[in-house]
Amino acid sequence: MNSKKLTIAIDGHSSCGKSTVAKQLAKKLHYTYIDSGAMYRLVTLFAMRNKLIENDVVNTAELANRLDDIKIDFRYNEAKQQADAYLNGELVEDEIRSLAVSNNVSAIATIKFVREKMVDLQRELSKSGGVVMDGRDIGTVVFPNADLKIFMTADAEVRAERRFKELQAKGDSVTFEEILENVKKRDFIDENRDESPLRKADDAIVLDNSNFTPAQQLEWLEQQVENIIAGK
Ligand code: CDP
């Protein structure tokens, strides 16, 4: 078994289960999992709380001024066996996953100075290698030399249904239609922005998981890792 610690980049469309499978894979490999989307969500929550974004319009000058006031960290939660997101020391893991934050995050993620700060942080947290990171620009911008790049997608309806169930289970009162609209809107903004748009890296392997169970997709991903290790 090759002991080289790999860098694994998983990009793709909104709500297609990237983080679920990335977490599972990181656990199996004893690697660090980094949720780059959570970072954009934390900046978004900060902007919302400080009224720096309203009706999709961002007060970019003020956000730029306040950027250094945003302290992001992730702390391991033993009970949940996963890292929770903190904004300036406050646990906001559930709040950043709400539909309200999802509705604003793609506007915040178009901003160049925000992306630069997040990418620096992503690289800093990955310094020691052995990382699975998911997002939109990981294989294209953050780690263009990643050992393995995956591009995940699934039908928009399937993705919306999965996210709907997830939020319902948490007790959020949302409708399927609202979620579907959000998923489509985020895909559009993410794919059409100037800064680091969402696109498949030329050397990424596509995984359309519309008809995969979580177990099947993990198995598929593990096979891709085996192939890399075996030098295939
Ligand atoms: O989990 P889900 O796919 O719904 O979203 P996420 O990974 O939490 O990302 C939230 C949003 O952050 C995305 O819709 C993108 O607009 C943005 N994002 C980004 O621009 N670049 C990344 N590397 C990760 C997320």
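For the structure itself, consult the block above.
A few points on the structure. A quick note: this is a predicted structure, and the numbers were derived from the prediction, not measured.

Digging into the pairing of strand β6 (residues 82-87)
Piece 1. One ladder, built from six bridges, connects strand β5 (residues 72-77) with β6; its direction is antiparallel. When the sheet's bridge partners are listed, Arg-75 is paired in β6 with Asp-84.
Piece 2. The hairpin formed by β5 and β6 contains four residues between the paired strands, and Gln-81 there has a positive phi angle of roughly 55°.
Piece 3. Hairpin remark: β6 followed by strand β7 (residues 90-91), antiparallel, with two residues in the connecting loop; positive phi at Asn-88, about 45°.

Here we look at helix α4 (residues 99-108)
Residues spaced three or four apart along an α-helix point in a common direction, a consequence of the helix completing one turn every 3.6 residues.
Piece 1. When you tally the buried positions in α4, you get eight out of ten residues, the bulk of the element.
Piece 2. Among all positions in α4, only Leu-99, Val-101, Ser-102, Asn-104, Val-105, Ser-106, Ala-107 and Ile-108 are buried.
Piece 3. At its buried positions, α4 is contacted by α2 (36-49), β3 (53-54), β4 (57-58), α3 (60-66), α5 (112-125) and α8 (176-192).

Focus on the environment of Ser-126
Piece 1. Relative to the assigned elements, Ser-126 resides in the loop between α5 and β8 (131-135).
Piece 2. C-alpha of Ser-126 to C-alpha of Phe-143: the two residues are 17 residues apart in sequence and 10.0 Å apart in space.

Some details on the packing of aromatic side chains
Within a pair of aromatic rings, the relevant descriptors are the distance that separates the centres and the angle that separates the planes.
Piece 1. Enumeration over the complete set of coordinates arrives at one aromatic pair.
Piece 2. Relative to Phe-176, the ring of Phe-164 lies with its centre 6.3 Å away and its plane at 80°, an arrangement referred to as edge-to-face. Pair noted here: Phe-164 is in helix α7 (residues 156-169) and Phe-176 is in helix α8, with a separation of twelve residues, a long-range link.
Piece 3. The exposure class assigned to Phe-164 is buried, which follows from its relative accessible area of 14%.
Piece 4. Lying over the aromatic face of Tyr-86, Arg-75 brings its terminal NZ or CZ to 3.9 Å of the ring centre.

Conventions we followed
- Residues numbered from 1 in each chain as written.
- Predicted model: local features only at pLDDT ≥ 70, side-chain atom pairs only at ≥ 80, totals over all residues.
- Heavy atoms only, no water.
- Pairing = 2+ DSSP bridges.
- Helix = DSSP H or I, 4+ residues; strand = E, 2+ residues; numbered from the N terminus.
- Buried < 20%, exposed > 50% of the residue type's maximum accessible area, 1.4 Å probe, protein only.
- Contact = heavy atoms within 4.5 Å.
- Phe/Tyr/Trp six-rings, centres within 6.5 Å; stacked < 30°, edge-to-face > 60°.
- Lys NZ or Arg CZ within 6 Å of the ring centre and 35° of its normal.

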